[in-house]
Amino acid sequence: MTSTNKIELMAPAGNFESLQAGIDNGADSVYFGVEQLNMRARATVNFTMDDLTEIAKRCEAKNVRSYLTLNTIIYDHDLSVVKTLLNKAKEANITAVIASDQAVIAMARGIGMEVHISTQLNVTNIETIKFYSLFADTMVLSRELSLRQVNSITEQIKKEAIKGPSGNLVEIEIFGHGALCMAVSGKCYLSLHSNNSSANRGACKQNCRKKYTVIDQETGFEIELDNEYLMSPKDLCTLDFLDQVIDSGIQVLKIEGRGRAPEYVATVIKTYRDAIDSYYEGSFSKEKVEAWMEALNTVYNRGFWSGYYLGQELGEWSNVSGSMATQKKVYVGKGTHYFSKATVGQFKIEAYDIKIGDKILVTGPTTGAQEMIIEEMYVNDAVAEKATKGDDCTFKLPFRIRMSDKLYKIVEV
């Protein structure tokens, strides 16, 4: 946990762009997967073992904690890879491993690596906390719990002085924002049955996000549904009751989204960073919440609901197949040069036009996700209002770009 005693804001990282976006926008920690042994194994953007040193280096430079997710079901043929991965993570100085399989937990403890218990283990009561405190310093509670239940657990940890291997009180993490699975804490078998592709091995085919027709087998009657996406929950959002979340006694707030774009990570982390800081400064207000919610609506979402935290017994389901974001990005071109003395970036325009006044996004493995508004530009070495396909375009940038960074225009949907 952070030394300021504020709750820890934990960012998702599916690639280096998102990793940098999380770090740049105020994350206290980041979590990431390596190759096939994590719950986002199907994502094409997973890191490799060779990336561990660079991940740790970037995090350490900004005093950000780094968590390796190794929380899938593990089979015998995986064990040697798990051992190699854990040893490399330890060598690279990765902070901790998020685990659900006892083999991973035991191996990590065997080499003295900090362990966090994954939500996949469905921790819902204080006796389970006591059991896993023998192995882990941080535990992610089941997503079905209400804040009242969460608070009961955090109070009992303090009252009974339940400590992890580090000698510190066990820390509690909960999920704060992003995509929810219909199986809530992840134990879903739809993908395995339909496609022989196990969600519990990180290979979910997202059956629940599709449109279905329900038919009565006895009569053949087609049941009318108010909601066509009857298994696709809205995204969780706790920002509008973040004060209650913090008051529940948790130490870590996790933002979901390792499969989402770097600008999603940048916007959501920045927004929650502002909200958390406002809470501790005593300036958390309804007016600020409204502005923050507008920001969250600009990036990928399926609509928002409060999960089960406020005592709701049934989920809320999305009525769209994809995103309800109020903005989208359109590819414009790529970076070709950065003039450091003049703080000017040069781009080759390859697709969409851009003009003065446009809001742009620049992404790259080192750049992360940076947004700004173009106030002036040069096109083919002359002052211009607009750049089109084939043009070389330069304009002032408050950040450095690298070769082949991608340039996008942000447009209203």
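Just so it is clear, the structure is predicted and the values come from calculations on it, not from any experiment. (Residues numbered from 1 in each chain as written. Predicted model: local features only at pLDDT ≥ 70, side-chain atom pairs only at ≥ 80, totals over all residues. Heavy atoms only, no water.)

Sorry, what's going on with the environment of Glu375 here?
Secondary-structure assignment places Glu375 in the loop between β17 (368–373) and β18 (377–379). Overall, Glu375 belongs to the exposed group, its relative accessible area being 68%. Along the primary structure Glu375 and Phe395 are separated by 20 residues, whereas in three dimensions their C-alpha atoms are 8.2 Å apart. (Helix = DSSP H or I, 4+ residues; strand = E, 2+ residues; numbered from the N terminus. Buried < 20%, exposed > 50% of the residue type's maximum accessible area, 1.4 Å probe, protein only.)

How do you make sense of unusual backbone geometry when you look at a structure like this?
With the exception of glycine, most residues fall at negative phi, and the peptide bonds are largely trans. The residue Asn122 is not glycine, and still its phi comes out positive at about 50°. With a phi close to 50°, Thr343 is a non-glycine residue in the positive phi region. Position of Thr343 among the secondary structure elements: in the loop between β13 (327–339) and β14 (344–349). The class for Thr343 is partly exposed, based on a relative accessible area of 28%.

Looking at this structure, I do not really get the pairing of strand β2 (residues 29–33). What am I missing?
Consecutive side chains of a regular strand alternate in pointing toward one face of the sheet and then the other. The buried count for β2 comes to five of five residues, which makes it a mostly enclosed element. Burial along β2 is two-sided: the residues Ser29, Tyr31 and Gly33 and Val30 and Phe32 are all buried. Sheet topology note: the strand β1 (residues 8–12)/β2 ladder contains three bridges and is parallel. Its bridge partner lying in β2, Ala11 is registered against Val30. Regarding topology, helix α1 (residues 16–24) serves as the crossover connection from β1 to the parallel β2, and that connection is right-handed. Where β2 meets strand β3 (residues 65–70), five bridges bridge the pair, whose relative direction is parallel. Among the inter-strand pairings, Val30 is bridged to a residue of β3, identified as Ser66. (Pairing = 2+ DSSP bridges. Right-handed = clockwise from strand over helix to strand, strands pointing away.)

Explain helix α4 (residues 102–110) to me, please; I cannot follow it from the model alone.
Along an α-helix, residues three or four positions apart point the same way, because every turn accommodates 3.6 residues. Considered for burial, the residues of α4 that qualify are Val104, Ile105 and Ala108. Along the axis of α4, the buried residues cluster in a sector spanning 100°; they form a single face. Contacts from the buried residues of α4 go to β3, α3 (79–92), β4 (96–99), β5 (114–117) and α5 (126–132). Where α4 begins, the side chain of Asp101 points an oxygen toward the backbone nitrogen of Ala103, at a separation of 2.8 Å. At the exit of α4 stands Gly112, carrying a positive phi of roughly 75°. (Arc of directions from axis to C-beta. Contact = heavy atoms within 4.5 Å. Polar contact = N/O pair within 3.5 Å; in protein donor to acceptor, adjacent residues only side chain to side chain.)

Explain the pattern of salt bridges to me, please; I cannot follow it from the model alone.
For side chains bearing opposite charge, pairing can occur when the charged atoms are close. As enumerated under the stated definition, the model contains 21 salt bridges in all. Of the charged contacts, one joins Lys6 and Asp277 as a salt bridge, the two residues approaching to 2.8 Å between their closest N and O atoms. Linking Lys6 in the segment before β1 with Asp277 in helix α9 (residues 262–281), this pair joins segments that are 271 residues apart in sequence. In this structure, Glu160 and Lys130 form a salt bridge, with 2.8 Å as the shortest nitrogen-oxygen distance. On the criterion of sequence distance, the pair formed by Glu160 in the loop between α6 (147–159) and β7 (171–178) and Lys130 in helix α5 is long-range, its members being 30 residues apart. Linked by salt bridges that have partners in common, Lys6, Asp28, Arg273 and Asp277 make up one network. (Salt bridge = Lys/Arg side-chain N within 4 Å of Asp/Glu carboxyl O.)

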